[in-house]
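An overview of the molecular structure
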Amino acid sequence: MAWLETIVLLAAIIGLGYWRTPLWLCGVVSTLLLAYLTRYGHISLLIILPIWFIFLGLIFFTAIKPIRRRYITIPLIKHVQKDMPSISATEREAIEAGDVWWEKALFCGQPDWHTLLKMPAPRLTTAEQAFLDNQVNTLCGMLQDWHIVQQGDLPTEVWNYLKRERFFALEIPVEFGGLGFSAQAHSAVITRIATRSISTAVSTMVPNSLGPAELLLHYGTDAQKNYYLPRLASGEDIPCFALTSPTAGSDAGAITDSGVVCRGEFNGQEIIGIRLNWDKRYITLAPIATLIGLAFRLSDPENLLGKGQEPGITLCLVPHQHPGVQSGRRHIPLNMAFMNGPVRGKDVFVPLDWVIGGADRIGQGWHMLMECLSVGRGISLPAMSAACGQLTYRMTGAYARIRKQFNVAIAHFEGVEEALGEIAGRTYLLEACRVFTVNAIDSGIKPAIATAITKYHTTEMSRIVMAHAMDIHGGHGIQMGPNNLLAQGHIAQPISITVEGANILTRNLIIFGQGAIRCHPYLLKEIELFAQPDSAEKYIQLDEILFSHVGYFINCTMRTLCYGLTGGRFIRSPVSGKVAHYYRQLTRMSSALALLSDLTLMLLGGDLKRRERISARLGDILSQLYLASAALKYFQDQGEQASDLDTLCWSLDLCLSEIQIAYDDLCNNFPLRWLGRLLRWMTFPLGTAYRKPRDKLTHRIARTMLEPSNFRDRLTHLFYQSKKSDDAAARLEKVFCQMPDMEPLLKKLRQGDKSKQNFTAQVHAAVKKNIITSAEADKLLSFQKAYNEVIGVDEFSFDLSQLLTDIPFALQDANAILD
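The shown structure was predicted, so the numbers you read here are calculated from the model rather than taken from an experiment.

1. Some details on the overall build of the chain
Check the secondary structure of the chain and you find 34 helices and 9 strands. Oriented by its inertia axes, the alpha-carbon framework of the chain measures out at about 100 × 85 × 55 Å. Here the chain holds 819 residues, and 55% of them are scored as buried. Taking contacts inside the chain between residues at least 6 apart in sequence as the whole, the part at least 24 apart equals 75%.

2. Here's the deal with the pairing of strand β3 (residues 269–284)
Sheet topology places strand β2 (residues 258–266) next to β3; 9 bridges connect them, and they run antiparallel. Bridge pairing links Cys262 to Gly273 in β3. Judged from the 9 bridges that link them, β3 and strand β7 (residues 340–351) form a sheet pairing that is antiparallel. The residue bridging Leu276 from the neighbouring strand is Val348, located in β7.

3. Here's the deal with unusual backbone geometry
Despite not being glycine, Leu334 has its phi angle at roughly 50 degrees, a positive value. Take Leu334: it is sitting in the loop between β6 (325–326) and β7. Residue Leu334 is classed as partly exposed on the basis of its relative accessible area, which comes to 39%. Phi is positive for Asn407, close to 60 degrees, though the residue is something other than glycine.

4. A short note on the confidence of the model for the chain
Confidence along the chain averages 90 in pLDDT terms, with 95% of residues attaining 70 or more. This stretch, residues 808–819, has a pLDDT under 50; its non-local contacts, to residues over four places away or in other chains, come to 23 contacts.

5. Looking at the side chain of Ser199
Among the structural elements, Ser199 can be located in helix α12 (residues 198–208). A polar side-chain atom of Ser199 sits 2.9 Å from the main-chain amide nitrogen of Ala337. Beyond its immediate sequence surroundings of up to four residues, Ser199 is in contact with Asp145, Ile148, Val149, Leu154, Met336, Ala337 and Phe338.

6. Quick notes on helix α22 (residues 523–531)
Within α22, the full set of buried residues consists of Leu523, Glu526, Ile527, Leu529 and Phe530. Down the axis of α22, the buried side of the element spans an arc of 165 degrees, and every buried residue falls inside it.

7. So, the nonpolar core
Most often, soluble globular proteins keep nonpolar side chains buried together rather than apart. Ranked by size, the top nonpolar core spans 133 residues in total, and within it Trp102, Leu420, Tyr626, Leu679 and Leu780 carry the most contacts. The residues contacting Trp102, other than those within four sequence positions of it, are Pro111, Asp112, Trp113, Leu116, Met119, Phe436, Tyr626 and Ser629. If you look at the next biggest cluster of nonpolar residues, it comprises 67 residues, including Leu132, Phe338, Val355 and Ile362.

8. Topic: the pattern of salt bridges
Across all of its chains, the model carries 24 salt bridges by this definition. With a shortest N-O distance of 2.8 Å, Arg231 and Asp237 are connected by a salt bridge. Note on Asp237: relative accessible area 6%, which makes it buried. The closest approach of N and O atoms between Arg394 and Glu733, which form a salt bridge, is 3.2 Å. On the criterion of sequence distance, the pair formed by Arg394 in helix α16 (residues 380–402) and Glu733 in helix α30 (residues 728–752) is long-range, its members being 339 residues apart. Neither residue differs from the other here; Arg394 and Glu733 are each classed as buried. Through salt bridges that share partners, Arg394, Arg712, Asp713 and Glu733 make up one connected network.

9. Comments concerning the packing of aromatic side chains
For the structure on display, the rule yields 19 aromatic pairs. Taking the centre distance of 5.5 Å and the plane angle of 55 degrees together, the rings of Trp102 and Trp113 count as tilted. Placement of the pair is Trp102 in helix α6 (residues 102–108) and Trp113 in helix α7 (residues 113–118), with a sequence separation of 11 residues. Exposure remark for Trp102: the relative accessible area of 4% places this residue in the buried category. Residue Trp113 is classed as buried on the basis of its relative accessible area of 4%. Consider the rings of Tyr428 and Tyr634, whose centres lie 5.2 Å apart with planes at 85 degrees: the pair is edge-to-face.

Quick notes on the rules
Residues numbered from 1 in each chain as written. Predicted model: local features only at pLDDT ≥ 70, side-chain atom pairs only at ≥ 80, totals over all residues. Heavy atoms only, no water. Helix = DSSP H or I, 4+ residues; strand = E, 2+ residues; numbered from the N terminus. Buried < 20%, exposed > 50% of the residue type's maximum accessible area, 1.4 Å probe, protein only. Contact = heavy atoms within 4.5 Å. Pairing = 2+ DSSP bridges. pLDDT = per-residue confidence, 0-100. Polar contact = N/O pair within 3.5 Å; in protein donor to acceptor, adjacent residues only side chain to side chain. Arc of directions from axis to C-beta. Core = buried A, V, L, I, M, F, W, Y, C linked by side-chain atoms within 4.5 Å. Salt bridge = Lys/Arg side-chain N within 4 Å of Asp/Glu carboxyl O. Phe/Tyr/Trp six-rings, centres within 6.5 Å; stacked < 30°, edge-to-face > 60°.

Below is the structure:
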């Protein structure tokens, strides 16, 4: 009985913490329970009395607030204050830019799945769908990426079409001459173009992403909007935005490009303006841009503006022909054809009216940039990554289905099948994440952390699926030419990894580093209060928030322990059936993340900035929870169709296994080794809970790539399908679609004639033996001709003068090669 009573007592303590019971109710319940055990229980008084002593001490020092503040809160504040992380002005602007969204619920350990499932499903308007089906398809039909890369630029007719059909004004409102599309439509347009031409997609996405138009829409004066937006919408002005400097890349806040407020002459009059000097590089569209957006650090030595001598980072617009501007030279990013290059300015004097937002926005440039970047990086690069997924899913699946070795389709080799499964599952995650994040943007949210997660993981998954596709295509994939569907996408992968926040820094510093401060229910307020001068009001506020934080920590601890001991089996799920298991496990891991994050922040404090591996692993857990949420929402939005279920389960198994890896690595490298082991046991008391998707599941989802189906068409709905007979993708798709009808004939041919002669002779011999009819022979020979064209590779002349017209434009210096 004593053991039973002890278990009841422990269960009561855990239950009070699990339900986050108010302090007064905890006191009442605990008093009644201890009184009962003292009077009627079988536990020894030698045990009960110390428990009473501890309990009454806790009540005395926590329930009576003046005593609590004097003996607990104030000493704790003085001890902790030196370890609290400081936030620089630049960091604060980055943290405050944008909003928090679903990722906050995941971080805090109690995601409300009903809220997720009630989010509206994304839909394109009639006008947006018509543009996608007409103008975008027309554009894609004009593109041949191989020839674009050889020329080093888009054809003139493509540039003209982009301008005429307002491709550079996807989100500029109609009243300014733009299309006024949603972020969902913007993303869909870029995705479809990218399945056809990387260089064209980049050239299209940049004016619609972080650039003058986006900044003007949010911060520009009415005069600036009325003048520039119609010109940008029509293509009369081509924009670029110059941010990166030779000494300030990922640390964009360290830019040295300068602007000095001074008096100067402009249009024949002396005015107060800004004298600019800058040196920027890696600027997309800079070689052809007519309007340059510029970020620089502004100083005002004479305080002419009345804002102090160092107003800070400021943004302005400068026409490319303005005196002192130097542009027109170009870089060649991995041999892609989109325009990218340096832009410089020396002693360029501009009026204050050219500052984006006018004089009122001087010194606010960093916040403006961070807020727009938090939106832009959630649209363009995830769209490019989703395009890679849809391209490889459709084309590599088709190729693996028709290509044979040892008289067997290579798709049926287990090694190839494993790679196909990776492509299928990750393409599902890519599309789900793209749609999920863009839907938040269309809801009026600027989800800074969610877009960082999306940018990092979609570009990394794109790199993975492209590598698997190249492995499957083998020699067919490495021979450059117009018939190679993968090469340009494979070569371009590092570009997406690098731009709009290098992936290494995004993972190690931003996702959890900013996410912890933004998403934690108490941390940012605590940091702000700790930074204030000592006062009675400060101590009162900190006392309240710190003890709320303690309650939050106890709640996370008890929930994580309960979920671990029960395997999460009793967690509520918003759905029933097979998918319910995943909702429960994701809630379980969300709670574990909340506990692990809190403990890490308590132990490391400001040192967490320098413990990047720890930050990265915590960010990995948050990211995988986000990706899994996106997959679940996508499954619901697609009508929860049975054909999608295997791919959904594979994707969720992958996310959970990645969480397991990140959790184990973090616990094995926790600052206090014993505490890491304890946390690992609390979360997974029965051992490892999640593993990579099973082989049978991988087999089933790989097969979805090998037959025409509704699921295949829905998942790759943004892949451009050409109807031209000379198009490599169209030829491959045609042969792929013929396979179900041709395989019985091919099987009949093989069984009836086992000779080793060539295919044509084998067909003619089969006709003579009456194995097949003449009509069947014609079908086989026609199919074989198409098959040979599909598996063939490009060839070029060995003659040097002819070769120079075929190889990439960057090498077309004949004299240099001959020398």
